[in-house]
Amino acid sequence: MNKLYVGNLSPSVTVEDLKQLFAERKLPVADQVSLKSGYGFLAFPDQNAAIKVIETLSGKAELYGKVIEVDYSVPKKLRSRKIQIRNIPPHLQWEVSCFFVYVYVCVLNTDTETAVVNVTYATKEEAKVAIEKLTGHQFDDCSFNVSYIMDMDAAPPVQVARARRGGRSSRDQGAPQPGPSGGFGAPRPRQNDFPLRILVPTQFVGAIIGKEGLTIKNVTKQTQSKVDIHRKENAGAAEKPITIHSTPEGCSSACRMILDIMQKEANETKTTEDIPLKILAHNSLVGRLIGKEGRNLKKIEEETGTKITISSLHDLTIYNPERTITVRGILEECCKAEAEITKKLREAYENDIAAINVSLSPVVFFVCLFVFQQQATEQEVAYLFIPTQAVGALIGKKGQHIKQLAHFAGASIKIAPAESPDVTERMVIITGTPEAQFKAQGRIFGKLKEENFFSAKEEVKLETHIKVPSTAAGRVIGKGGKTVNELQSLTSADVIVPRDQTPDENDEVFVKICGHFYASQNAQRRIREIIQQVKQQEQKHQQGGAVSPHHSK
């Protein structure tokens, strides 16, 4: 049920007045209408209907000479990590949401002319800043409307039940009740919450929950954890995700108990298929788990006696930025590997959080959604290096592929002449807006994978050069290399600012970036943000130091 608040009502307004207004504007009829003095509440079973009512009436309709306000009615305790952003230009590219570990974006199909998205942040604080930054933000003649939507995970089960069913007695007893996504157990820990997410075969979900929920209740009680079993996700899928919230030890203990339950069920049902441990991790953390030349992963395999594989980058979608880490071995070995894998992922996550809190919060809080909004029409140039043998595949027969790619991305794509006959790499020069850069570079990375220039288990990692003003090079490096080290930690890309460069005719020098596609894009965006900051500071300095013509001699 989607409950809306209607405010700034005249005391003269009646329920019939509201119904007449809805009929005139051809709006869906509310299931429930509750009118108070100066305000009221409406309830709709369908979110699309609620969105249409908000967009059509709020600030746009009058009753008895007063412009009414309409928004979601969300109790304070349920205003947490989830927000809805409306009135977005429909052409805005949402694939950029995959860059960041903290934001999950759901693009809604609505009847409105502009786009609507629901966004879930990692923390309540991030959502609050996003609302402050984005409310009223202008983009392409559209002014963003931002609201909290109910975050059911933010409240204990009793309050969730009240919010969903209109109240429930604290005396209600019986079997444990799942939360909004199938969650059981205690409220999740709030400080540095880094959940363990695993995939389990759908056929074992019933055994994990148990009769009347008793099995999962035992798991949560013994491990002091909260377990979300996402039964309704991906209807008909062979696997279902489970999210475990607890301390590191609690997560590992709950995971072990779930593996035990599945193994027992497999034995009883005489299932002969292998049941590996499958861990889900956001793509931006996986590079640091793997380590340079795969050293971290190899070390875990050697120490635990397991075999670990990671799903391809090309399995990622704009709605699913997670990769699957599959661990094979006996139960004891898999549990040891889980602890080590999660430890590495958690360290990467906490490092990111620390760096964000220090200096990069504005970027992660809202530029992850609207990374193309600033200087969206400004042309950028990137120099991407590809294997020489891949040039033919990129160009295509009679140049058709590169022409199609340029048209799709809205960019200029040129391959520079080879400096000598035996060069191993060729430079691709891409000129276009930030959005065009994202599309063009993404397709090139994908093409190299499709054409098998990299093995099935090998990530496509390419070197990209971008030019920065020589005055900004020091800022990219930072004092004692602090900024460049943070960039590398946050993005999983190698970032190098070669020393002793001679600036070109435009007083610019190169920065080298090497990594897989998402890492490279993340690093490029952050470096260009630094460049923009330097330019703005220089402009302010020039304006402040300018001499008024009335005072010149």
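The structure contained in this document is the topic of the report that follows. (Residues numbered from 1 in each chain as written. Predicted model: local features only at pLDDT ≥ 70, side-chain atom pairs only at ≥ 80, totals over all residues. Heavy atoms only, no water.)

### Details of the overall build of the protein chain
And step 1. For the protein chain, the count of helices and strands is 16 helices and 25 strands.
And step 2. The 553 residues of the protein chain split such that 48% are buried.
And step 3. Sequence-distant contacts, at least 24 apart, represent 71% of the contacts inside the protein chain between residues at least 6 apart.
And step 4. Within the structure as shown, the protein chain displays about 28200 Å² of accessible surface, and the carbon and sulfur contribution to it stands at 49%. (Helix = DSSP H or I, 4+ residues; strand = E, 2+ residues; numbered from the N terminus. Buried < 20%, exposed > 50% of the residue type's maximum accessible area, 1.4 Å probe, protein only. Contact = heavy atoms within 4.5 Å. Areas by Shrake-Rupley, 256 points an atom, 1.4 Å probe, with all protein chains shown as cover.)

### A look at the sheet that holds strand S20 (residues 380-387)
And step 1. The 6 strands are arranged S21-S22-S20-S23-S25-S24 in an open sheet whose pairing can be described as antiparallel. Edge positions in the sheet fall to strand S21 (412-415) and strand S24 (494-496), since each has one partner strand and no second. Adjacent strand axes in the sheet meet at a mean angle of 20° when their direction is disregarded.
And step 2. Examined bridge by bridge, S20 and strand S23 (residues 462-469) share 4 bridges and lie antiparallel to one another. (Pairing = 2+ DSSP bridges. Axes fitted to C-alpha atoms, helices over the stretch in contact; angles between N-to-C directions.)

### A closer look at the sheet that holds strand S1 (residues 2-7)
And step 1. Here 4 strands make up an open sheet; going across it, the order is S2-S3-S1-S6 and the pairing antiparallel. Two strands in the sheet have a free side with no partner beyond their single neighbour: strand S2 (32-35) and strand S6 (69-72). Sheet twist, expressed as the average angle between the axes of neighbouring strands with direction ignored, equals 20°.
And step 2. Relative to strand S3 (residues 40-44), S1 runs antiparallel, the two being bridged by 5 bridges. Bridge pairing in S3 links Tyr5 to Phe41.
And step 3. On the sheet, helix H1 (residues 15-24) packs against S2 and S3 and is oriented at approximately 130° with respect to S2.
And step 4. The strands that helix H2 (residues 47-57) touches are S1, S3 and S6; relative to S6, the one it contacts most, it runs at about 150°.

### Brief notes about the nonpolar core
And step 1. With 43 residues, the main nonpolar core has Ile198, Ile208, Ile242, Ile244, Ile325 and Ile341 as its most contacted residues.
And step 2. Looking at this core, the element that brings in the most residues is helix H7 (residues 248-268), giving 9 residues.
And step 3. The next biggest cluster of nonpolar side chains, apart from the first, holds 26 residues, and it includes Leu21, Leu27, Leu42 and Phe44. (Core = buried A, V, L, I, M, F, W, Y, C linked by side-chain atoms within 4.5 Å.)

### Focus on the packing of aromatic side chains
For any pair of aromatic rings, the description rests on two quantities: the centre-to-centre distance and the angle between the ring planes.
And step 1. Under the definition given, this model contains 8 aromatic pairs.
And step 2. Both rings, one in Tyr383 and one in Phe510, keep their centres 5.5 Å apart while their planes meet at 80°; by these two values the pair is edge-to-face. With a gap of 127 residues between them, Tyr383 in strand S20 and Phe510 in strand S25 (residues 508-515) connect regions that are remote in the sequence.
And step 3. Judged by relative accessible area, Tyr383 falls into the buried class, the value being 13%.
And step 4. Judged by its relative accessible area of 27%, Phe510 is partly exposed.
And step 5. Ring pairing ties together the aromatic residues Tyr5, Tyr39 and Phe41, which thus form one cluster.
And step 6. Between Lys3 and the ring centre of Phe41, over which it is positioned, the NZ or CZ distance is 4.7 Å. (Phe/Tyr/Trp six-rings, centres within 6.5 Å; stacked < 30°, edge-to-face > 60°. Lys NZ or Arg CZ within 6 Å of the ring centre and 35° of its normal.)

### Some words on the packing of helix H8 (residues 283-290) against helix H9 (residues 295-304)
And step 1. Contact geometry for H8 and H9: axes closest at 5 Å, N-to-C directions at 65°. Looking at the two axes, H8 sits roughly perpendicular to H9. Note on element contacts: H9 touches H8 through Arg295, Asn296, Leu297 and Ile300, opposite Arg288, Leu289 and Ile290.
And step 2. Partitioning the contact of H8 with H9 into residue classes produces 4 nonpolar, 1 polar and 2 charged. (Parallel < 35°, antiparallel > 145°, perpendicular 65-115°, else oblique. Nonpolar A, V, L, I, M, F, W, Y, C, P; charged D, E, K, R; others polar.)

### Re the environment of Leu18
And step 1. Residue placement: Leu18 occurs in helix H1.
And step 2. For the pair formed by Leu18 and Val29, sequence separation is 11 residues and the distance between their alpha carbons is 9.8 Å.
And step 3. Filtering out sequence-adjacent residues up to four positions away, Leu18 remains in contact with Val13, Val33, Leu35 and Leu63.

### Some points on unusual backbone geometry
And step 1. Of note, Glu212 is a non-glycine position whose phi angle comes to about 55°, a positive value.
And step 2. Following the sequence through the fold, Glu212 ends up in the loop between helix H5 (205-209) and helix H6 (214-223).
And step 3. Judged by its relative accessible area of 58%, Glu212 falls in the exposed class.

### Some points on H2
And step 1. Taken as a whole, H2 has its buried residues at Ala49, Ala50, Ile51, Val53, Ile54, Glu55 and Leu57.
And step 2. Structurally, the start of H2 carries an N-cap: the backbone nitrogen of Asn48 is 3.3 Å from a side-chain oxygen of Asp46.
And step 3. Downstream of H2 by one or two residues, Gly59 has phi in the positive range, about 75°. (Polar contact = N/O pair within 3.5 Å; in protein donor to acceptor, adjacent residues only side chain to side chain.)

### Some points on the state of the cysteines
Think of a disulfide as a covalent bridge from one cysteine sulfur atom to another cysteine sulfur atom.
And step 1. Under the definition given, this model contains 0 disulfides.
And step 2. This cysteine, Cys251, is not joined by any disulfide, and Cys255 carries the nearest cysteine sulfur, 9.0 Å off. (Disulfide = S-S within 2.5 Å.)

### Details of the pairing of strand S22 (residues 425-432)
And step 1. Burial along S22 is one-sided: the residues Arg426, Val428, Ile430 and Gly432 are buried and none of Glu425, Met427, Ile429 and Thr431 is.
And step 2. In terms of strand pairing, S20 meets S22 through 8 bridges, oriented antiparallel. From the neighbouring strand, Glu380 faces S22, where its bridge partner is Gly432.
And step 3. Across 4 bridges, S21 lies against S22 in antiparallel orientation.

### Things to note about the environment of Lys414
And step 1. Note on placement: Lys414 falls in strand S21.
And step 2. Spatially, the C-alpha atom of Lys414 lies 5.7 Å from that of Val428, the residues being 14 residues apart in sequence.
And step 3. Leave out the neighbours within four places in its chain, and Lys414 touches Met427, Val428 and Ile429.

### Some details on the environment of Thr14
And step 1. Inspection of the secondary structure assignment puts Thr14 in the loop between S1 and H1.
And step 2. With relative accessibility at 35%, the residue Thr14 sits in the partly exposed group.
And step 3. Distance in space between the C-alpha atoms of Thr14 and Leu35 is 7.5 Å, their sequence separation being 21 residues.

### Points about the pattern of salt bridges
And step 1. Counted according to the given criterion, the structure contains 11 salt bridges.
And step 2. Across the pair Asp228 and Lys226 runs a salt bridge whose closest N-O atoms are separated by 2.7 Å. For the pair formed by Asp228 and Lys226, the shared burial category is buried.
And step 3. Here Arg528 and Glu380 are joined by a salt bridge, their closest N and O atoms 3.1 Å apart. Taken together, the positions of Arg528 in helix H16 (residues 517-545) and Glu380 in strand S20 put the pair 148 residues apart, joining distant regions of the chain. Assigned by exposure class, Arg528 and Glu380 land together as buried.
And step 4. Residues joined in a network through salt bridges with shared partners are Glu380, Arg525 and Arg528. (Salt bridge = Lys/Arg side-chain N within 4 Å of Asp/Glu carboxyl O.)

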